[in-house]
Amino acid sequence: MAAGAVAGVLGVLGLALTLFAASPALAAGYRYWSFWDGAGGSWAYATQGPSTARPADGATLGFRFSVSKDAADEAARPRAAADFQAVCAGTAPADGRKRVAVVIDFGVPGDAPGGETPPQDTPRTACAQLAPEATAAEALAEVAKPLRYNSAALLCGISGFPKTGCGEPIADGEPRSPAPAEAAPSAQEDSSGPSAGLFLGVAALLALGGATVWQSRRRRR
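Here the structure is a predicted model, which means the values were calculated and not measured.

**So, the pattern of salt bridges**
Phase 1 of the analysis: The full count for this structure, using the stated rule, is three salt bridges.
Phase 2 of the analysis: A salt bridge links Arg31 to Glu168; its shortest N-O distance comes to 3.3 Å. In this pair, Arg31 is assigned in strand β1 (residues 29-37) and Glu168 in strand β8 (residues 168-170), connecting sequence segments 137 residues apart.
Phase 3 of the analysis: Among the residues examined, Arg31 registers a relative accessible area of 10% and is labelled buried.
Phase 4 of the analysis: Of the residues examined, Glu168 reaches a relative accessible area of 24% and is grouped as partly exposed.
Phase 5 of the analysis: For Arg79, the salt bridge is made with Asp105, and the minimal N-O distance between the two is 2.7 Å. Separated by 26 residues along the polypeptide, Arg79 in the loop between β3 (59-68) and α2 (84-88) and Asp105 in strand β4 (residues 98-105) bring together distant segments of the chain.

Now the structure itself:
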């Protein structure tokens, strides 16, 4: 192989490696409060935010603080059962009011920001009694003040935890909660490696390098 061709291939491979090195750490998670719907007795990632969701009487809401991916199948679920009766059995129904069970899981010490620890080791439960049109955020405020939000209305702190930070990205290697064992990331949601576009770009570069070698050999004939 001609020296020029070798240099060309090495250059292509070097560029490919540079692209891999420069690609963002897509596998990194985020430290945040996730919001869950306990309908049917099992936790499901909420499809609305607390400020817009309006739970019905008998609903169960869950909030979990953790470091995990921002995806339904990879976020850490609350570690208590989604059991309305267990939470609200001691709260008598009232006319013109609805009862909503609230489960608040402050997470594990390894997921807490530096210098902070979760207020308690086990999840906290409370039964909120509210007006029929009340939102999930109002139910949470009823039982777990103070709440902290950022300018984009993202829930940042519950009962003063954590004191600072709001959904900050966490680099690979930092503590993070494991994904639920029963859930597997879908092809669309899996972000544990370089994107498909990056792979296609590298493939194109390698193909270009191969073409360079072929043309060099052809000229030598």
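There is more to say, and it comes next.
**With respect to the nonpolar core**
Phase 1 of the analysis: Among the nonpolar cores identified, the biggest contains 22 residues, and Trp33, Phe63, Val102, Ile104, Leu140 and Ile158 are the most heavily contacted of them.
Phase 2 of the analysis: For this core, the elements supplying multiple residues, two or more each, are β1, β3, β4, β5 (124-130), α3 (136-144) and β7 (155-158).
Phase 3 of the analysis: Among the elements that make up this core, the one with the highest residue count is α3 (four residues).
Phase 4 of the analysis: Residues within four places of Trp33 in sequence aside, it is in contact with Phe63, Arg64, Phe65, Ile104, Asp105, Phe106, Leu155, Cys156, Gly157, Ile158, Phe161 and Pro162.
Phase 5 of the analysis: Ranked by size, the runner-up nonpolar core spans six residues in total, among them Tyr32, Trp36, Trp43 and Ala75.

**A word on the side chain of Thr60**
Phase 1 of the analysis: Checked against the element boundaries, Thr60 lands in strand β3.
Phase 2 of the analysis: Of the residues examined, Thr60 reaches a relative accessible area of 4% and is grouped as buried.
Phase 3 of the analysis: Residues in contact with Thr60, not counting those within four places in the same chain, are Trp36, Asp37, Gly38, Trp43, Ala82, Asp83, Phe84, Ala101 and Val103.

**Remarks on the packing of aromatic side chains**
Each aromatic ring pair is summarised here by two numbers: the centre-to-centre distance and the angle between the ring planes.
Phase 1 of the analysis: Summed over all chains, the structure comprises six aromatic pairs.
Phase 2 of the analysis: Residues Phe65 and Phe161 carry aromatic rings whose centres are separated by 5.1 Å and whose planes lie at 70 degrees to one another, so their mutual orientation is edge-to-face. On the criterion of sequence distance, the pair formed by Phe65 in strand β3 and Phe161 in the loop between β7 and β8 is long-range, its members being 96 residues apart.
Phase 3 of the analysis: Summarising the aromatic geometry, the rings of Phe106 and Phe161 are spaced 6.1 Å apart at their centres and angled 70 degrees between planes, so their arrangement reads as edge-to-face. In this pair, Phe106 sits in the loop between β4 and β5 while Phe161 sits in the loop between β7 and β8, placing the two residues 55 residues apart along the sequence.
Phase 4 of the analysis: Of the residues examined, Phe106 reaches a relative accessible area of 1% and is grouped as buried.
Phase 5 of the analysis: Ring pairs connect the aromatic residues Trp33, Phe65, Phe106 and Phe161, which therefore count as one cluster.

Reading the values: the criteria
- Residues numbered from 1 in each chain as written.
- Predicted model: local features only at pLDDT ≥ 70, side-chain atom pairs only at ≥ 80, totals over all residues.
- Heavy atoms only, no water.
- Salt bridge = Lys/Arg side-chain N within 4 Å of Asp/Glu carboxyl O.
- Helix = DSSP H or I, 4+ residues; strand = E, 2+ residues; numbered from the N terminus.
- Buried < 20%, exposed > 50% of the residue type's maximum accessible area, 1.4 Å probe, protein only.
- Core = buried A, V, L, I, M, F, W, Y, C linked by side-chain atoms within 4.5 Å.
- Contact = heavy atoms within 4.5 Å.
- Phe/Tyr/Trp six-rings, centres within 6.5 Å; stacked < 30°, edge-to-face > 60°.

So yeah, pure geometry; function would need other evidence.
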